[in-house]
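# Notes for the structure review
Spelled out, the chains give:
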Amino acid sequence: MSHGDDQQSQALAKPTFSDVQASALVESVFGLKVSKIRPLPSYDDQNFHVCISSAKDTADEPTEYVLKISNTESSRSPELIEVQSHVSMFLRAAGFPTASVHPTAGGHLSSLVSIDGGSGVAGYLLRLLSYLPGTPVAEIPSSPQLLYEVGRLAGRLDETLQKFRHPKLSHLRRENFIWNLKNVPLLEKYLDALDQSRNREIVIQVIQLFKDEILTKLRHFRECVNHGDLNDHNILVEPSKSAFGNAVYHVSGILDFGDMSYGYYVFEVAITIMYMMIESKSPLHVGGHVLAGFESVIPLTPVERSALFLLVCGRFCQSLVIAAHSCQLHPENKDYLMITAKTGWKRLQEMLDMGRKAVEEIWFETARSYDSGVSM
């Protein structure tokens, strides 16, 4: 989603390249002949689906790519983007369905170009990633099997990333990064985007609870590198038939490592639960299935479990407040920016109305049912 620390300057810096400009960049920077190109939805970078005319001697290489043009704020942090690229390649080598990175004509993983992207001359970092197949989880009816699979994926990612080494790994310690879950209190400076409304009161309430009950527990959480944005548009799935003939989905693509940062295991599962709740017809039951999948890889400690409810509420607030703020700056991108808001406020209100104890009871009982081999 978002890559810099200053959300306002970052939103203002979103590139606005035309299809023709993007096509020319693929040919000049990466040395590939474009046969077709179309824009893809994006938050604050710009993405294009690119089809390549393949030569006979490159038959084994992909013919479909994603051209990723980072916003000008992110483009000022090439070391961070370099780490993200290496993480994607590391995970791919470990068997995860992540994108490969196509080198530039000069053999580099990215290229910084100075060009007029629609709002004056600026520097933009370009990468060409392999296009991953599949359908976003957002477009698939959620089932216990799929939610468990997504939770297990989140756990496997965090577990595997513990083995990742890179000389610039410290760039993932992004202290004031607005999307890091520990930074929910930073939302206070964006509250004006909500006007004087019930939604604003809810966010103020969650921020205060977060300060009182989460910040004091951070030292008890186990640290790791988080993907940080396993939302229902960043996980792609493909169907396969089960032994009973019904469709069983497996993950075919993991997208967008732009929100990676140091966090905690419990952050990853909380973020994943929140996004899986958005489109679910039984949102309050989602958490138990995702948690069961995650804990099949990394069981949470009692103190981590006790924080889960407020962490999910905190992520709802991050997504909803930052989207409202970004809409003020980029009304032309409103449809994409407000995907979560369509049902997000309702889901958050439902959680708060039911209360922590009742929601936890549903989640933990559902997760426990997997231990006995009977999922709810």
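If you're wondering where the values come from, they're calculated on a predicted model, not measured in any experiment.

### Some details on the overall build of the protein chain
- On a plain count of helices and strands, the protein chain comes out with 12 helices and 11 strands.
- Against the compact-globule benchmark of 21 Å for 376 residues, the protein chain has a radius of gyration of 21 Å, which places it among compact chains.
- Expressed along its principal axes, the backbone C-alpha trace of the protein chain runs to roughly 60 × 55 × 40 Å.
- Taken across its 376 residues, the protein chain has 55% of its residues classed as buried.
- Pairs at least 24 apart in sequence give 74% of the contacts found in the protein chain among residues at least 6 apart.

### Looking at helix α6 (residues 198-213)
- When the terminal C-alpha atoms of α6 are compared, their 22 Å separation across 16 residues agrees well with the 22 Å that a helix rising 1.5 Å per residue should span.
- Turning to α6, its buried residues number three or more, namely Arg200, Ile202, Val203, Val206, Ile207 and Phe210. Here the buried residues of α6 occupy an arc of 155 degrees about the axis, which is enough to place them on one side.
- In this structure, the buried side of α6 is in contact with α9 (302-329) and α11 (341-354).

### Here we look at the pairing of strand β2 (residues 46-52)
- With seven of seven residues buried, β2 lies mostly within the body of the structure.
- Burial along β2 is two-sided: the face carrying Gln46, Phe48, Val50 and Ile52 and the face carrying Asn47, His49 and Cys51 are both buried.
- The antiparallel hairpin formed by strand β1 (residues 34-40) and β2 contains five residues in its connecting segment.
- Sheet topology places β2 next to strand β3 (residues 64-69); six bridges connect them, and they run antiparallel. Pairing of phenylalanine 48 across the sheet is with leucine 67, part of β3.

### Here's the deal with the packing of aromatic side chains
- Across all of its chains, the model carries six aromatic pairs by this definition.
- Between tyrosine 148 and tyrosine 370 the ring centres are 4.9 Å apart and the planes differ by 15 degrees, which places this aromatic pair in the stacked class. One end of the pair, tyrosine 148, is in helix α5 (residues 144-161); the other, tyrosine 370, is in helix α12 (residues 356-371), with 222 residues separating them in the sequence.
- Measuring from centroid to centroid gives 5.7 Å for phenylalanine 221 and tyrosine 264, while their planes differ by 75 degrees, and the two rings are edge-to-face. Taken together, the positions of phenylalanine 221 in the loop between α6 and β8 (223-226) and tyrosine 264 in strand β11 (residues 261-264) put the pair 43 residues apart, joining distant regions of the chain. Each of the two residues, phenylalanine 221 as well as tyrosine 264, counts as buried.

Reading the values: the criteria
- Residues numbered from 1 in each chain as written.
- Predicted model: local features only at pLDDT ≥ 70, side-chain atom pairs only at ≥ 80, totals over all residues.
- Heavy atoms only, no water.
- Helix = DSSP H or I, 4+ residues; strand = E, 2+ residues; numbered from the N terminus.
- Rg over C-alpha atoms; globule rule 2.2 N^0.38 Å.
- Buried < 20%, exposed > 50% of the residue type's maximum accessible area, 1.4 Å probe, protein only.
- Contact = heavy atoms within 4.5 Å.
- Expected span 1.5 Å × (residues − 1).
- Arc of directions from axis to C-beta.
- Pairing = 2+ DSSP bridges.
- Phe/Tyr/Trp six-rings, centres within 6.5 Å; stacked < 30°, edge-to-face > 60°.

Function cannot be read off these values alone, since they describe shape.
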